Amino acid sequence: MTKRICTMQDLSCVGQCSLTVALPILSRYGIETCVLPTAVLSNHTQFKSWSYLDLTDEIPNIYREWANSGISFDGFVLGYLGKRRLMKLAEELFDRFGNEGAPVVIDPVFADDGKLYSGFDEQYVREMAKLIARADIIDPNVTEACFLTDTPYQADHGKEFAQELAVKLSQLTSATVIITGVEFDGDIGELIYSHGSCTYVMLPKLDAKYHGTGDIFTSVMSAHYFAGETLAASCLKAGQFVADCMRGTDKAHFYGVNFEKQLAK
Ligand code: PXL
């Protein structure tokens, strides 16, 4: 049966991230993908400036109509939320519209390279640390894992540091923890931590950095996971997909990667 999932995150009109990535990717994998847009931005916040239409106040109206029509979902994928008020609405989404056992995937999306993205603060991090308790899978990057666990960021880290972060995260949530962007021995990849055991899914690190690759990773990983594959297989395929996107992207194109060409293959 076709799965119907709901993805809650912003709609950045330009910049290949959040909904403009999640919607085509999840759909391409055969999942009926419903969206809960949290805001409309002219472009994502790695540009010099942006406009921001907050849609938080519309969400209760959307829920009312979904309830009227008996809408429900087989899973949820959360990305960039942006406002603390949205966290309660996310919980309401799971409680009111989740089918029995519907998995919740949360990519906390608020920081990278040791720094918070523009517009986020410590209070947002604290609230996100509570929201992840509702997840079945979380996939913060190393920076987000550090903020969530109050651990000083280490750009140069190894397996031990990643494992320390995963253990601390597992005190905040019973979700399977996937830490993305873990680096050692010239490789980059994920640490998957579940019930005290660690699995590393590593690929050779490419000499490039693009925006939006985390959103692509979460979408591809979730699509494989919803299709019944293991998390290790899902992470490997998502990592390979991201690497292929990066190889196929013109360096002059600074804001995102060419995932469209990859998706068409
Ligand atoms: O890719 C993460 C992301 C999503 N949405 C918006 C962003 C960012 C990262 O900066 O600004 C609006």
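This text gives an overview of the structure that appears in the document. (Residues numbered from 1 in each chain as written. Predicted model: local features only at pLDDT ≥ 70, side-chain atom pairs only at ≥ 80, totals over all residues. Heavy atoms only, no water.)

### Digging into helix H6 (residues 159-169)
Think of an α-helix as turning once every 3.6 residues; residues three or four places apart then point the same way. Burial in H6 covers these residues: Phe161, Ala162, Leu165, Ala166 and Leu169. Here the buried residues of H6 occupy an arc of 140° about the axis, which is enough to place them on one side. Buried residues along H6 sit in contact with strand E8 (137-138), helix H5 (142-149), strand E9 (176-184) and strand E10 (187-194). (Buried < 20%, exposed > 50% of the residue type's maximum accessible area, 1.4 Å probe, protein only. Helix = DSSP H or I, 4+ residues; strand = E, 2+ residues; numbered from the N terminus. Arc of directions from axis to C-beta. Contact = heavy atoms within 4.5 Å.)

### Side note on the packing of helix H3 (residues 85-97) against helix H4 (residues 122-131)
Between H3 and H4, whose axes approach to 10 Å, the crossing angle comes to 15°. Classified by the interaxial angle, the pair formed by H3 and H4 is roughly parallel. In the crossing of H3 with H4, the sense of the turn from one axis to the other is right-handed. Contact residues: H3 offers Met87, Ala90, Glu91 and Phe94, while H4 offers Tyr124, Glu127, Met128 and Leu131. Looking at the contact of H3 with H4, its residues break down into 6 nonpolar, no polar and 2 charged. (Axes fitted to C-alpha atoms, helices over the stretch in contact; angles between N-to-C directions. Parallel < 35°, antiparallel > 145°, perpendicular 65-115°, else oblique. Left-handed = near helix turned anticlockwise from the far one by under 90°. Nonpolar A, V, L, I, M, F, W, Y, C, P; charged D, E, K, R; others polar.)

### Description of the sheet that holds E10
One key point about sheets: their strands pair by backbone hydrogen bonds, in either a parallel or an antiparallel sense. Spatially, E3-E2-E1-E4-E5-E8-E9-E10-E11 is the arrangement adopted by the 9 strands of the open sheet, whose pairing is mixed. Of all strands in the sheet, those bounded by a partner on one side alone are strand E3 (52-54) and strand E11 (197-204). As judged from the 8 bridges shared by E10 and E11, these two strands associate in the antiparallel manner. Note that in E11 the partner of Leu191 across the bridge is Tyr200. In the packing of helix H8 (residues 231-247) onto the sheet, contacts are made with E8, E9, E10 and E11, and the angle to E11 comes to roughly 20°. (Pairing = 2+ DSSP bridges.)

### What to know about the site of the ligand
Not every one of the 13 residues close to the ligand is listed here, only the nearest: Asp10, Thr45, Gln46, His211 and Asp215. Between the ligand and Thr45, the relevant distance is 2.6 Å, taken from an oxygen atom to a side-chain nitrogen or oxygen of the residue. Asp215 is positioned with one of its side-chain polar atoms (N or O) 2.8 Å from an oxygen atom of the ligand. Calculation on the ligand without its partners gives an accessible area of 320 Å², and the protein chains cover 98% of this total. Here the residues of the shell around the ligand are counted per class, giving 5 nonpolar, 6 polar and 2 charged. (Near = heavy atom within 4 Å. Polar contact = N/O pair within 3.5 Å; in protein donor to acceptor, adjacent residues only side chain to side chain. Areas by Shrake-Rupley, 256 points an atom, 1.4 Å probe, with all protein chains shown as cover.)

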